[in-house]
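Examining the three-dimensional arrangement
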Amino acid sequence: MEIMMQIPDLTVKHLGAPTIPSPLTGVKFIPENATVIYAKDVNEVEEELKNTGKISAFEAAGPREKIYHDPSWTHAAILTAGGLCPGLNDVIKGLTRTLMLRYNVPIVFGIRYGYQGLNPAFGYEPMLLTPDSVDSIHEDGGTVLGSSRGRQDETIMVETLKRMNIKLLFCIGGDGTLRCAHDIALEVERRGLNISVIGIPKTIDNDINYIDKTFGFETAVYATGPVISAAHNEAKGAPNGIGLIHVMGRDSGFIAAYATLANTHVNYCLIPEDPFSLYDGEHALLPSLERRLKLRKHAVIIVSEGAGQHLFKEDSEKRDKSGNKLHHNIGEFLRDTITSWGKESNIDLTVKYFDPSYLIRSLPSNGTDSVFCEMLAQHAVHCAMAGCTDVVIGHWNDRFTYVPIPVATSSRKKVDIESGLWDSVKSATWKY
Ligand SMILES: Nc1ncnc2c1ncn2[C@@H]1O[C@H](COP(=O)(O)OP(=O)(O)O)[C@@H](O)[C@H]1O
Ligand SMILES: O=P(O)(O)OC[C@H]1O[C@](O)(COP(=O)(O)O)[C@@H](O)[C@@H]1O
Ligand SMILES: [Mg+2]
């Protein structure tokens, strides 16, 4: 129950009192004080009550009867930052349509190439987004706005927002994008401006804390399925065949874990959260692989990009423009190591290597992920129009929530290897 003792302050910032009647018709308005309880079960509620005398809750997402921003005077801007992710265009479309068709916001700018587009030094003209211009973009992967990594000065960016008379800024991105959105919100506050800064949580890694899932993750898991089947076919097609799949997941192994459960041909699921050794010890990969090959003549391994970094002699010093650590390539390392080990051990094995990372990340979203994107976008607009700021739209206990950005970025969400999820993965990959 220790986690319950560390629940952060979930209070959302508001620019001011909402006094303008919402232009929305035919919707169920949410009371201003609606909440979504943080605790996941009755025991947690009781424990928190006993320890703190209160029950923590997120502010619930949804349209409010009174709004803060006057739609007719409101200009909005949307940007996408960080790596690509299925569903970016769905969110851009959802935001544009909700802003213009539901709230009658007259102008929606699409900011080019992430935060670079808010720095005039790059010279990127914003796009004018309309329901017509975004009509079919959800069918395509990637982002029509372009994205980028790398820091920009928030004083310059806020100057641009002021100059363009932007009152609502939507930042679609992961933890880095949200940290930058927070810096912008603080600069806006310092200057006494009334600009709402709202985050929409993107990352196929699903690593944003206090949010059950981020958009794009489900599509990534779905798209990994056929690759696992292909790896399995290749593995079975040769004596001692090994299908090895390298998937994204810089620091969190959710894609590998869920993909393993979604296509249970996988025999080894290697993630950063559960370190493994190669030759010795309880979690040694190669002796286990040898036993598996003797019994079954084939094996399928999935590995997250952040897994096994301790196996490299030197810590990777490289970072991307945003400051994210660039890991050693564990997929290629395992391919080469297993191949050499086979030769040394006189095991006639063959490794077929698959790296579908960018193929998956650039796909359009599908199924319930697309539904999720549209709903996130609608909630982001309700949130912004109500005058909230420094907030990211979350999903918790099956409800949409508002999460203060500093809370969402306080730590990274990781696979809990004591959890039911990891138990299920271990069960699905149980060795003979
Ligand atoms: N700690 C930070 N403070 C301010 N801005 C940041 C921070 N980390 C990243 N950013 C900016 O946010 C944008 C996207 O960050 P990045 O880490 O590349 O992707 P993601 O948002 O998917 O995590 C980049 O422009 C980056 O410079
Ligand atoms: O090659 P790139 O564009 O730097 O992106 C690689 C990274 O992007 C991701 O897909 C997602 O990361 P972000 O969402 O934080 O941008 C990571 O899994 C991966 O490490
Ligand atoms: Mg990130």
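Residues numbered from 1 in each chain as written. Chains lettered and ligands numbered in written order. Predicted model: local features only at pLDDT ≥ 70, side-chain atom pairs only at ≥ 80, totals over all residues.

Going by an unreviewed UniProt entry, the chain carries the name ATP-dependent 6-phosphofructokinase and comes from Victivallis lenta. Recorded in UniProt under Cofactor (unreviewed entry), the annotation for the chain is "Mg(2+)". Regarding the chain, the UniProt comment filed under Sequence similarities (unreviewed entry) reads as follows: "Belongs to the phosphofructokinase type A (PFKA) family." (UniProt positions renumbered as here; feature names shortened; annotations may be inferred.)

1. Details of the packing of helix α7 (residues 254–262) against helix α13 (residues 420–428)
Running from amino to carboxyl end, α7 crosses α13 at an angle of 50°, the nearest separation of the two axes being 9 Å. Between α7 and α13, the interaxial angle falls into the category oblique. Of the two elements, α7 crosses α13, and the hand of that crossing is left-handed. Taking contact as the criterion, the partners of Ala257, Thr260 and Leu261 in α7 are, on α13, Leu421, Trp422, Ser424, Val425 and Ala428. For the contact of α7 with α13, a count of residues per class yields six nonpolar, two polar and no charged. (Axes fitted to C-alpha atoms, helices over the stretch in contact; angles between N-to-C directions. Helix = DSSP H or I, 4+ residues; strand = E, 2+ residues; numbered from the N terminus. Parallel < 35°, antiparallel > 145°, perpendicular 65-115°, else oblique. Left-handed = near helix turned anticlockwise from the far one by under 90°. Contact = placed C-beta atoms within 7 Å. Nonpolar A, V, L, I, M, F, W, Y, C, P; charged D, E, K, R; others polar.)

2. Brief notes about the site of ligand 1
Ligand 1 sits among 21 residues. The nearest are Gly82, Gly174, Gly176, Cys180 and Ser322. The class makeup of the residues in the shell around ligand 1 is three nonpolar, 13 polar and five charged. (Near = placed C-beta within 6 Å.)

3. Description of the site of ligand 2
In the region of ligand 2, the neighbouring residues are Gly82, Gly83, Gly174, Thr203, Ile204, Asp205, Met248, Gly249, Arg250, Glu305, Asp320 and Arg361. Grouping the amino acids of the shell around ligand 2 by side-chain chemistry returns two nonpolar, five polar and five charged. A domain split of the shell around ligand 2 shows at least three residues from each of domain 1 (13–214 + 365–408) and domain 2 (217–362). (Domains from an automatic or database assignment.)

4. Looking at the sheet that holds strand β12 (residues 268–270)
One open sheet holds the four strands; their spatial order is β12-β13-β11-β14, and the pairing between them is parallel. The open sheet terminates on both sides in strands that have one partner only, identified here as β12 and β14 (350–354). With direction set aside, neighbouring strand axes in the sheet form an average angle of 15°. (Pairing = 2+ DSSP bridges.)

5. With respect to helix α8 (residues 285–296)
With 12 residues, α8 should reach 16 Å at 1.5 Å per residue; the first-to-last C-alpha distance of 16 Å fits that figure. For α8, the complete set of buried residues consists of Leu285, Leu289, Arg292 and Leu293. One side of α8 holds all its buried residues, which, seen down the axis, span an arc of 100°. Opposite the buried face of α8, at more than 90 degrees from it, the exposed residues are Arg291, Lys294 and Leu295. (Expected span 1.5 Å × (residues − 1). Buried ≥ 20, exposed ≤ 12 C-beta atoms within 10 Å, placed from the backbone. Arc of directions from axis to C-beta.)

6. What about the nonpolar core?
Membership of the largest hydrophobic core comes to 117 residues, with the highest contact counts inside it found for Ile78, Phe170 and Ala380. Here this core gathers at least three residues from each of two domains, domain 1 (13–214 + 365–408) and domain 2 (217–362). In this structure Phe170 touches Ala76, Ile78, Leu95, Ile198, Ile200 and Ala380, once residues within four positions along its chain are discounted. (Core = buried A, V, L, I, M, F, W, Y, C linked by C-beta atoms within 7 Å.)

7. Let's talk about the UniProt feature "domain: Phosphofructokinase" (unreviewed entry) in the chain
Sequence positions flagged by UniProt for "domain: Phosphofructokinase" (unreviewed entry) are, in local numbering, residues 76–383. Secondary structure content for residues 76–383 is 39% helix and 16% strand, while the C-alpha to C-alpha distance between its ends is 13 Å.

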